[in-house]
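Now for the letters of each chain:
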Amino acid sequence: MKKVLFFLLSFLALANVNAQIVNPVKWTSKVEKISDTEFNLVMEGKIEDNWHVYSQFTPENGPLAAEFKFKDAKGNFELIGKVKESPYKKQYNDVFEVDEYYFEKKVTFTQKVKIINANLTTIKATIDYQVCKEVCINQDNAFTFQLPKITISSPTVVTNVDTTKVDEGQTVKDEVKSSLVSKVIKPSKEDKKGLLTIFFLAFLGGFAALLTPCVFPMIPMTVSFFTKQSKNPGQGKRNAILYGLSIIGIYVVLGLAITAIFGADALNALSTNPWFNLFFFLLLIVFAASFLGAFEIMLPNSWANKVDRQADRGGFIGILFMALALAIVSFSCTGPIVGTLLVESASKGGIAPIVGMLGFSSALALPFMLFAMFPSWMNSLPKSGGWLNTVKVSLGFLELALAFKFLSNADLVLQLHLLEREVFLAIWIAVFGVWALYLLGKITTPHDSPLTHISVGRLSLGLLVLAFTVYMIPGLFGAPLKLISAFPPPQTYSESPRGFFGNASSTKDKLPDGAKLGEHDIVTFTDYEKGLAYAKEVNKPVMIDFTGHACVNCRKMEINVWSDEKVLGILKNDVVLISLYVDENIDLPKSEQFISKSTGSEIVTVGDKWTDFMITKYKTNTQPLYVLIDLNEDNLNNPISYTPNISEYLAWLKDGVSKFK
């Protein structure tokens, strides 16, 4: 589930998906004799320029790992160890947020075998692999290895071989690697520059922190200190630049610590965990209360005193401790922002926390460096005053609104129906409405200065927040609210699933067994077998919708794409929709619980069952995923994922339906 940073609700990553037929890898094969009964089966691929083929050891959640199958092995031959491969390259991919192992130009795979049946003349094998450039394609290739005449002097017993060791000392779990589905992906600019987006959003967070009463007054004080205490203007500028770089270094170290403690993917794996979301709901409530003036989150004064004494040492060490003193003294304002940024960036995994802290600290440090280099600019700085507390309180309202998104995620996964769509929207309307009243001067908080007039900037922001509040009101009566479609629970998770004035009684009477009215009154099955049986009864293709209660992009697709008249017509009339919720927290009957053959995990809940189905059949565990199949459960075209472009999604639907016979 993708969340957004609290101060920029409209920024979400997009992904466009389309298809084309290409064949960028040319394969050849050969047999190398080791002994009378042992051979190397060699598969060599020549890869076109700029394309990558991925290793069989590609980490989980990365691109699709190469997978090998050798036919008719039992009683004929034994595989000795795993397939060996030529050296791969390793590079961090900010789209998947993992390291990826890949080959360029050429790749060689080698499988050692020992022959048991002397009459064996051929060995057949297949490779399933992914090859990527601007797009990614799942392909397969079949090999037939011709064996020479084999002489076996006596029966050979082959003992069990440890197949988890790889040449370079790697240990690999023998499980299905989570990956892209069998589709062609054309990442959007936002996906290609995921870390750059995180940096930019964190930079905005740092700028917001800069405009708080704990930090802003420090700019002229600190710059004046450097310019007056230095022997010449050049030294003052140099010291201020070192001061700014020290600020950046302190926060980047914090990002490094988060990455080292939690690892690349630990928090990302918890994104749909209800207790994880509940914890961060409570955390953001505390942050919001602090910004609104209930109390201040402060580090112990003894820390600041000790650091301040070290700052008197002078030189680079003194400057470093001055920067650390700023971080400690301003913690009551910067702490909640840093905490929220770390929650968002760390949940994306990889080096995102480091990049996030780099962006935040760069915005925080930049003014100190620039005003030291150009002291005359300080004359243009606005004077400190009540407007600084206005910024702080405004951040508090945003933190409060974002907190309820985390609570909503937990409620959706647990299906408690405590925070249904109307309740969520009522809370947001109240939060943004009170914020608008605050900006318009109708209410004040404990630390506000007396307000004699409202500035043009504050009035403009107040009107904007008020307009947004009014925009949300029709959502209480069933309006889709497409601008914030990723945040509230879906319309089906509400007191009035059909809308305030809706009446679906006549439609409900005609629902087939096991179906319900889903988003936009689409007849929807949530059980695969029942949905497939109904599709056979009415002779229609099936669209499998792998989704989740807490899936942000799933809600965006349902509200922004499925609502299109042409798309909705196909979903209602031309296909049977089966929505499988991978985070459905309902226990399976004991007789239906099992251990996954693909991942080795224990399948206990309904969500576990659909997740395992998704991984086993479609080699992915990401949502949303849309699959069009015929009545024999064969794909009608390539599955696709998040596709916000309506024309592309419609073309995919039409293509699949047209191939149904």
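Higher on the page you've got the structure.
This one's a predicted model, so the numbers in the text were calculated from it and none came from an experiment.

Calculation notes
Residues numbered from 1 in each chain as written. Predicted model: local features only at pLDDT ≥ 70, side-chain atom pairs only at ≥ 80, totals over all residues. Heavy atoms only, no water. Core = buried A, V, L, I, M, F, W, Y, C linked by side-chain atoms within 4.5 Å. Buried < 20%, exposed > 50% of the residue type's maximum accessible area, 1.4 Å probe, protein only. Helix = DSSP H or I, 4+ residues; strand = E, 2+ residues; numbered from the N terminus. Salt bridge = Lys/Arg side-chain N within 4 Å of Asp/Glu carboxyl O. Axes fitted to C-alpha atoms, helices over the stretch in contact; angles between N-to-C directions. Parallel < 35°, antiparallel > 145°, perpendicular 65-115°, else oblique. Left-handed = near helix turned anticlockwise from the far one by under 90°. 1 Å grid on protein atoms, 1.4 Å probe; cavity = no way out; pocket = protein on both sides within 12 Å on 5 of 7 lines; lining within 4 Å. Points joined across faces, edges and corners; volume = space filled by probe spheres on them. Nonpolar A, V, L, I, M, F, W, Y, C, P; charged D, E, K, R; others polar. Contact = heavy atoms within 4.5 Å. Pairing = 2+ DSSP bridges.

Caption draft 1: Layout of the nonpolar core. Within the largest apolar cluster, 41 residues are counted, with the highest numbers of intra-cluster contacts made by Tyr528, Met543, Ile544, Phe546, Trp562, Tyr649 and Leu653. For this core, the secondary structure elements donating two or more residues are helix H15 (528-538), strand S15 (542-547), helix H16 (552-561), helix H17 (565-573), strand S16 (576-581), helix H18 (606-618), strand S19 (625-629) and helix H19 (646-658). Core analysis: the next-biggest nonpolar cluster, separate from the first, contains 35 residues, Tyr243, Ile247, Phe291 and Ile319 among them.

Caption draft 2: The pattern of salt bridges, seen in detail. According to the stated counting rule, one finds eleven salt bridges in the structure shown. Among the salt bridges present, the one from lysine 30 reaches glutamate 44, with a minimum N-O distance of 3.9 Å. Taken as a pair, lysine 30 in strand S2 (residues 25-33) and glutamate 44 in strand S3 (residues 38-47) lie far apart in primary sequence, 14 residues in all. A relative accessible area of 30% places glutamate 44 in the partly exposed class. Here glutamate 38 ties to lysine 114 by a salt bridge, and the two come within 3.8 Å at their closest N and O atoms. Of this pair, glutamate 38 sits in strand S3 while lysine 114 sits in strand S9 (residues 106-115), placing them 76 residues apart in sequence. Neither glutamate 38 nor lysine 114 differs from the other in exposure class; each is buried. Members of the salt-bridge network, linked through shared partners, are Lys30, Glu32 and Glu44.

Caption draft 3: View of the packing of helix H6 (residues 274-291) against helix H11 (residues 386-414). Close contact between H6 and H11 brings their axes to 8 Å; oriented N to C, the two are set at 165°. When the axis of H6 is compared with that of H11, the two are roughly antiparallel. Of the two possible hands of crossing, H6 and H11 adopt the one that is left-handed.

Caption draft 4: Structural context of empty space enclosed by the protein. What the rule picks out here adds up to four cavities of 30 Å³ or more. The wall of the largest cavity is formed by Pro490, Thr492, Lys516, Gly518, Glu519, Thr524, Asp545, Glu558, Trp562, Leu577, Ser579 and Tyr581. Among the elements that take part in the lining of the largest cavity, S16 stands out by supplying three residues, more than any other. Broken down by class, the residue content of the lining of the largest cavity amounts to four nonpolar, four polar and four charged.

Caption draft 5: Seen up close, the packing of helix H12 (residues 421-439) against helix H13 (residues 456-472). Contact geometry of H12 with H13 gives a least axis separation of 8 Å together with a crossing angle of 160°. Taken as axis vectors, H12 and H13 run roughly antiparallel relative to one another. In the packing of H12 onto H13, the handedness of the crossing is left-handed. For the pair formed by H12 and H13, the contact residues are Trp428, Ile429, Phe432, Gly433, Trp435, Ala436, Tyr438 and Leu439 on the first element and Arg458, Leu461, Gly462, Val465, Leu466, Phe468, Thr469 and Met472 on the second. Among the residues making up the contact of H12 with H13, the classes are represented as twelve nonpolar, three polar and one charged.

Caption draft 6: Geometry of the sheet that holds S16. As summarised here, the arrangement of the five strands in space is S13-S14-S16-S15-S19, forming an open sheet in which the pairing is mixed. Every other strand in the sheet has two partners, leaving strand S13 (515-517) and S19 as the edge strands with one partner each. Within the sheet, the average angular offset between the axes of one strand and its neighbour, ignoring direction, is 30°. The pairing of strand S14 (residues 523-525) with S16 spans two bridges and is parallel. Counterpart to phenylalanine 525 in the pairing with S16 is isoleucine 578. Packing of H19 onto the sheet brings it into contact with S15 and S19, and relative to S19 it is tilted by some 25°.

Caption draft 7: Representation of the sheet that holds strand S6 (residues 77-85) within the structure. If you trace the four strands from one edge of the open sheet to the other, you get S2-S3-S9-S6, paired in antiparallel fashion. The sheet terminates laterally at S2 and S6, the two strands that pair on one side only. Neighbour-to-neighbour, the strand axes of this sheet turn through a mean angle of 20°, independent of strand direction. For S2 and S3, the ladder comprises nine bridges, and the chain directions are antiparallel.

The values are spatial; any link to function lies outside them.
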